[in-house]
Amino acid sequence: MAGLTTITAGAAGDEPKADSKEQPKLSLSRALDYEIYARLHASADYIDDGNDDKWYVASNSSRIGLKGAAGATDDLNVVWQVESEISLDESGTTWASRDSFVGLQSSLYGKALFGRMNSPYKALSRKIDLFDDQIGDTRNIFGVGSSGFDLRLNNDIMYVSPTIAGVSASAAYRTTD
């Protein structure tokens, strides 16, 4: 990760003594890892649909984001991400317009996330689309974004299982506004 900061959320002496039967308290006094990242993916595209032909400048899902994790216990992390679209071809972007969430992550139990995220279908289909985020993207060819599956959901609760033998699963529930 790009940065390392220490957050102190508990008072000194909060840790149990070695001979104590008291359970360790949930504390964010462990290291906070964070990363700033970006993807700038512009292109000049020539499109001829048989009726009209034009050159276009496309931003192709360019983005900037900030994500991180803070250890709460040995196997439990608080995770978060804020990601925004960058419009390289026109003005106007909205803060947190892409996957933006907060949640808990455990290597043993998986992740529980809350916020705005890709649906499980979209997350899977983006991994197998050879032209993802380009003019030949399957969403541009077939228009599946209007089907309701290939979406980024607001007010979402998502569970992602831990990876077992190279396989994981996810399920999402969209709450009402």
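Small disclaimer: the values here were computed from a predicted structure and weren't measured.

Details of the confidence of the model for the chain
Confidence along the chain averages 75 in pLDDT terms, with 65% of residues attaining 70 or more. Summarising per-element confidence for the chain, the mean pLDDT is lowest in strand β1 (residues 3-6) (41) and highest in strand β7 (residues 100-106) (95). Counting interchain partners and residues more than four positions distant, the pLDDT-below-50 stretch residues 1-18 has 32 contacts.

Some remarks on the nonpolar core
Membership of the largest hydrophobic core is limited to seven residues, which are A69, V79, F101, L113, M117, M158 and V160. Listing elements by their share of this core, those giving two or more residues are β8 (110-118) and β9 (152-160).

Section: the packing of aromatic side chains
Tallied over the full model, the rule gives one aromatic pair. When the ring of Y46 is compared with that of W55, the centres are 5.4 Å apart and the planes differ by 55 degrees; the resulting orientation is tilted. A cation over an aromatic ring shows up here: K67 above the ring of Y37, its NZ or CZ 5.1 Å from the ring centre.

With respect to the pairing of β7
One ladder, built from five bridges, connects strand β6 (residues 77-85) with β7; its direction is antiparallel. Paired with V79 across the strands is G103, a residue of β7. Here β7 runs beside β8; their pairing, made up of seven bridges, is antiparallel. Note that in β8 the partner of V102 across the bridge is F114. Hairpin connection, β7 to β8: the antiparallel pair is bridged by three residues.

Looking at the pairing of strand β5 (residues 63-71)
With nine bridges joining them, β5 and β6 adopt antiparallel strand pairing. Looking at the pairing, G65 lines up with E83 of β6. The antiparallel pairing of β5 with β6 creates a hairpin that spans five residues between the two strands.

Description of the environment of A42
Turning to its location among the elements, A42 is positioned in the loop between β2 (31-39) and β3 (43-48). The spacing of A42 and S87 is 45 residues in sequence and 9.2 Å in space, taken between C-alpha atoms. The residues contacting A42, other than those within four sequence positions of it, are A58, S59, N60, S62 and L88.

The rules behind each value
- Every chain begins its residue count from 1, and numbering advances along the sequence as written.
- The predicted origin of the model limits local features to residues at a pLDDT of at least 70 and limits the giving and counting of side-chain atom pairs to 80 or more, whereas totals for whole chains, interfaces and linings rest on all residues.
- Heavy atoms throughout the structure, all of them, feed into the side-chain values; hydrogens and water do not.
- Note: pLDDT gives the predictor's confidence per residue, expressed from 0 to 100.
- Note on conventions: DSSP H or I runs of at least 4 residues are helices, E runs of at least 2 residues are strands, and numbering of each starts at the N terminus.
- Contacts are residue-level and defined by heavy atoms, with any inter-residue pair within 4.5 Å sufficient.
- Nonpolar cores were defined as sets of buried Ala, Val, Leu, Ile, Met, Phe, Trp, Tyr and Cys residues, with membership established by side-chain atoms within 4.5 Å.
- Residue exposure (1.4 Å probe, protein chains only): buried if accessible area is under 20% of the type maximum, exposed if over 50%, otherwise partly exposed.
- The rule is short: rings of Phe, Tyr and Trp, with Trp giving its six-membered ring, pair when the centres are within 6.5 Å, and they are stacked under 30 degrees, edge-to-face over 60, tilted in between.
- Remark: a charge is flagged as sitting over a ring if the NZ atom of Lys or the CZ atom of Arg is within 6 Å of the ring centre and within 35 degrees of the ring normal.
- Strands are treated as partners if at least two bridges between them are detected by DSSP.

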